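Residues per chain are reported as follows:
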Amino acid sequence: MLSMDQLSLLVQDHLHDIQPARHYHKWTIKSSDIGGRGLFATEDIKAGELLFVDHPLVYGPRSGTTIQQGCTVCGKMDIDTLFRCNKCGLLLCSHQCQKSNTHYDDCIVISGWCSKVSIENISDTLLSRCLAPIRTLSLPEDQQELLRALQAHTLPQHGSEIKELKEYFDLSSEEEHLLTLAVCILDANAFQIAVPYGRKEMSMRGLFPVSSLMNHNCVPNTKYYFNKECHMIIKAVKPIAAGTEIFTCYSGLLWGTPARRLHLFKTKHFWCKCERCTDATERGTFLAALKCFDTNCSGSLLPIEPLNPTSAWRCLTCGLRVPNSNISAIQSALGSLIGSLNFENVAELEKFYMNRVYKYIPKTNQIVVDLQCRLIWELGEVDGCRWHELSESQLALKESLCRGTLVTVAALGLGDTHLRGLLLYHLHAALAERARRFPDLYEELKAEIECTIEQSYNILKGDISSPPDLELRRQYLGPGSDKPHEERFFILDK
Ligand SMILES: C[S@@+](CC[C@H](N)C(=O)[O-])C[C@H]1O[C@@H](n2cnc3c(N)ncnc32)[C@H](O)[C@@H]1O
């Protein structure tokens with residue numbers, strides 16, 4: 001086991017690789033009261049300040065069995081061009097990817113193993129799932145040391161893919177041990193890597209060793225995003241006082257407490273006890289609330305003991321007490337109902353949102369908020385409901401959904417997260433479309449259009465998953481634009 005000083009030195013060397021000029025950080029690694037080690041501010045940090053830029057020790061396809069497969073080099077998922085390498089069986093999309101250094105290294109390791117069956121009989125999904133751990137075998141010694149210093153999950157369910165791999169290849173016990181350890185480390189620490197906005201690519205994960213030292217809080221004081229070089233940029237989203245722990249968030253920011261806690265328990269093996277989890281109303285957002293089972297009552301049900309996953313729930317208005325088993329039954333029925341929706345079909349989503357969803361759940365529930373976000377991302381943006389095709393009521397709906405979700409994000413105290421940046425971008429776009437349709441309204445809307453695109457730009461710039469026309473929109477519709485009025489809205493015609 002490395003000492004904290006040894007780990008700090010490895011971390012400094014790792015960060016130095018991509019930011020050689022930056023020797024100084026306003027944080028240190030220390031033991032944390034909530035679990036293992038954590039990062040702590042050594043000086044006051046301002047909102048928006050850069051904390052560090054991390055880069056992955058390894059990256060590779062995510063490990064779920066249901067993840068849609070793609071090229072193991074570039075992630076492309078175009079099924080027509082995908083083929084399997086005849087030496088190692090990995091999926092590729094082009095000869096260029098096959099000739100890449102990345103594939104060369106992967107292929108050397110896998111084709112070097114003695115296989116028990118011919119390579120085309122080995123599942124490409126299994127090979128993809130094992131690829132990130134396989135890549136750890138080729139890391140240089142100092143990076144192996146840093147990898148081994150990270151926390152590893154110890155429960156027996158981690159590493160099952162390596163047991164499966166062993167059915168197909170004669171792995172030495174040392175290789176099996178190293179691969180299993182790598183899976184346990186990846187499962188405990190890997191981050192999903194964001195893909196460029198609007199692009200459909202295979203979902204990838206990366207092992208970012210410094211970010212891996214951040215513990216979780218459901219209202220984190222940092223945000224992260226990825227740039228074109230697959231670097232992970234970590235910034236403060238609110239002021240962080242010297243001595244305070246620096247947190248990230250391992251779960252969905254708009255999920256209700258029971259869903260977040262269960263997800264954290266299943267994937268990271270701890271029950272979160274942060275301030276948000278302790279407050280059943282989640283700062284008045286009622287994200288987990290269900291409708292009271294008494295049809296004469298319009299109140300909301302919430303857990304009586306939010307930190308107890310089997311707690312009974314109670315109506316805040318009439319006091320009705322509902323056993324946890326009934327709540328679970330309703331939640332799984334709602335899950336099936338939502339699972340039956342076709343999320344690609346905007347009209348179906350809109351109809352469900354407008355007419356049916358409130359019959360079952362309060363407007364504040366995370367399921368409604370999720371539907372709202374899906375509609376926001378799609379209205380005006382996808383084929384069949386482009387800006388010029390939106391009806392007046394759809395445009396008004398988009399605007400009001402953006403405003404409502406921004407209120408929830410603000411109530412939770414999430415600061416300038418990626419989500420807020422995106423919501424501001426979509427609000428700006430809806431307002432700009434309104435001004436284009438009704439030029440007389442432009443003067444009235446101008447200040448808000450300028451302010452929303454400017455704020456969105458400041459939050460999202462440099463982020464690979466931000467809308468590609470962000471900068472152009474800011475130039476044309478942001479504060480101080482010198483573009484002639486008649487040209488300002490041309491970007492909406494793209
Ligand atoms: C990515 S690691 C974070 C760094 C870790 N503390 C270490 O020492 O390497 C994730 C693990 O840290 C612990 N952890 C993180 N956040 C936590 C929290 N809010 N409460 C309890 N444990 C937490 C859990 O064991 C979790 O599986």
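About the cut-offs
- Residues numbered from 1 in each chain as written.
- Predicted model: local features only at pLDDT ≥ 70, side-chain atom pairs only at ≥ 80, totals over all residues.
- Heavy atoms only, no water.
- Helix = DSSP H or I, 4+ residues; strand = E, 2+ residues; numbered from the N terminus.
- Rg over C-alpha atoms; globule rule 2.2 N^0.38 Å.
- Buried < 20%, exposed > 50% of the residue type's maximum accessible area, 1.4 Å probe, protein only.
- Contact = heavy atoms within 4.5 Å.
- Areas by Shrake-Rupley, 256 points an atom, 1.4 Å probe, with all protein chains shown as cover.
- Lys, Arg positive; Asp, Glu negative; His and termini not counted.
- Charge placed at Lys NZ, Arg CZ, Asp CG, Glu CD.
- Expected span 1.5 Å × (residues − 1).
- Bend = angle between axes of the 7 residues up to and from the residue.
- Polar contact = N/O pair within 3.5 Å; in protein donor to acceptor, adjacent residues only side chain to side chain.
- Salt bridge = Lys/Arg side-chain N within 4 Å of Asp/Glu carboxyl O.
- Pairing = 2+ DSSP bridges.
- Axes fitted to C-alpha atoms, helices over the stretch in contact; angles between N-to-C directions.
- Parallel < 35°, antiparallel > 145°, perpendicular 65-115°, else oblique.
- Left-handed = near helix turned anticlockwise from the far one by under 90°.
- Nonpolar A, V, L, I, M, F, W, Y, C, P; charged D, E, K, R; others polar.
- Patch = residues over 30% accessible without salt bridge, like charges linked within 9 Å, V, L, I, M, F, W, Y side chains within 5 Å.
- Near = heavy atom within 4 Å.

As annotated in an unreviewed UniProt entry, the protein chain carries the name SET domain-containing protein and is attributed to Pieris macdunnoughi.

So, about the overall build of the protein chain. When helices and strands are counted, the protein chain shows 16 helices and 16 strands. Relative to a compact globule of 494 residues, whose C-alpha radius of gyration would be 23 Å, the protein chain shows 25 Å and is just as compact. When the 494 residues of the protein chain are sorted by exposure, 50% land in the buried category. Of all intrachain contacts in the protein chain linking residues separated by at least 6 positions in sequence, the fraction that spans at least 24 positions is 63%. Per element, the accessible surface of the protein chain, about 23,100 Å² overall, is 52% carbon and sulfur. Positive and negative charge centroids in the protein chain, built from 52 and 58 side chains respectively, lie 4 Å apart.

When the terminal C-alpha atoms of helix α11 (residues 346-360) are compared, their 20 Å separation across 15 residues agrees well with the 21 Å that a helix rising 1.5 Å per residue should span. In the structure, α11 departs most strongly from a straight axis at Y353, where the bend amounts to approximately 50°. Along α11, the residues classified as buried are V346, L349, E350, F352, Y353 and V357. As for α11, its buried residues are in contact with α10 (324-339), α12 (366-378) and α13 (392-412). Among the residues of α11, the N-terminal cap falls to N345, whose side-chain oxygen and the backbone nitrogen of A347 are separated by 3.1 Å.

Turning our eyes to something else, we now look at the pattern of salt bridges. A complete count under the given rule lists 22 salt bridges for this structure. Among the ionic pairs, D469 bridges to R473, the shortest N-O distance being 3.1 Å. The pair D469 / R473 is uniform in exposure class, with both members buried. Counted as one network, the salt bridges with shared partners bring together E392, E399, R403, E433, R434, R436, R437 and E448.

This part is about the pairing of strand β10 (residues 222-226). Counting buried positions over the 5 residues of β10 gives 4, a clear majority of the element. Both β10 and strand β11 (residues 232-236) contribute to a ladder of 5 bridges, which runs antiparallel. Among the inter-strand pairings, F226 is bridged to a residue of β11, identified as M232. Linking β10 to β11, which pair antiparallel, is a turn of 5 residues; within it C230 sits at a positive phi near 65°.

For the rest of this paragraph, the subject is the packing of helix α1 (residues 4-16) against helix α5 (residues 141-148). At their nearest, the axes of α1 and α5 sit 10 Å apart, and the two run at 125° to each other. With respect to their mutual orientation, α1 and α5 come out oblique. The two elements α1 and α5 cross, and the hand of that crossing is left-handed. Contacts between α1 and α5 pair L7, L10, V11 and H14 from the former with D142, E145 and L146 from the latter. Residues of the contact of α1 with α5, tallied by class, amount to 4 nonpolar, 1 polar and 2 charged.

Before going further, it helps to examine a negative patch on the surface. There is a patch of like negative charges on the surface, built from D13, D17, D142 and E145. Structurally, D142 can be placed in helix α5.

Attention shifts here to unusual backbone geometry. Not every positive phi belongs to a glycine, and R283 is a case in point at roughly 55°. For R283, the position within the fold is in the loop between α9 (275-278) and β13 (290-291). Given a relative accessible area of 37%, R283 falls into the partly exposed group. Of note, F286 is a non-glycine position whose phi angle comes to about 55°, a positive value. Here F286 is to be found in the loop between α9 and β13.

As a further point, take the site of the ligand. Among the 16 residues in the neighbourhood of the ligand, the closest are listed as G35, R37, N215, H216 and K268. At 2.8 Å, a side-chain N or O of N215 approaches a nitrogen atom of the ligand. H216 places a polar main-chain atom, nitrogen or oxygen, 2.9 Å from a nitrogen atom of the ligand. Computed on the free molecule, the ligand has an accessible area of 570 Å², of which 90% lies beneath the protein chains in the complex. For the shell around the ligand, the secondary structure elements donating two or more residues are α7 (173-189) and β9 (215-216). Partitioning the shell around the ligand into residue classes produces 6 nonpolar, 8 polar and 2 charged.

Turning to the sheet that holds strand β2 (residues 37-41), a few remarks are in order. The mixed open sheet is built from 4 strands, whose spatial order is β1-β2-β12-β9. Each of the sheet's edge strands pairs with one partner strand only, and the pair in question is β1 (27-31) and β9. The pairing of β9 with strand β12 (residues 245-248) spans 2 bridges and is parallel. Counterpart to N215 in the pairing with β12 is F247. Where α1 meets the sheet, it contacts β1 and β2, and its direction lies at approximately 145° from that of β1.

All right, on to the sheet that holds strand β14 (residues 300-303) then. Reading across the sheet, the 4 strands line up as β13-β14-β15-β16 and stay open at both edges, with antiparallel pairing between neighbours. A strand with exactly one partner marks an edge of an open sheet, and here the two such strands are β13 and β16 (321-322). Examined bridge by bridge, strand β15 (residues 313-315) and β16 share 2 bridges and lie antiparallel to one another. Along β16, the bridge assignment pairs W313 with V322.

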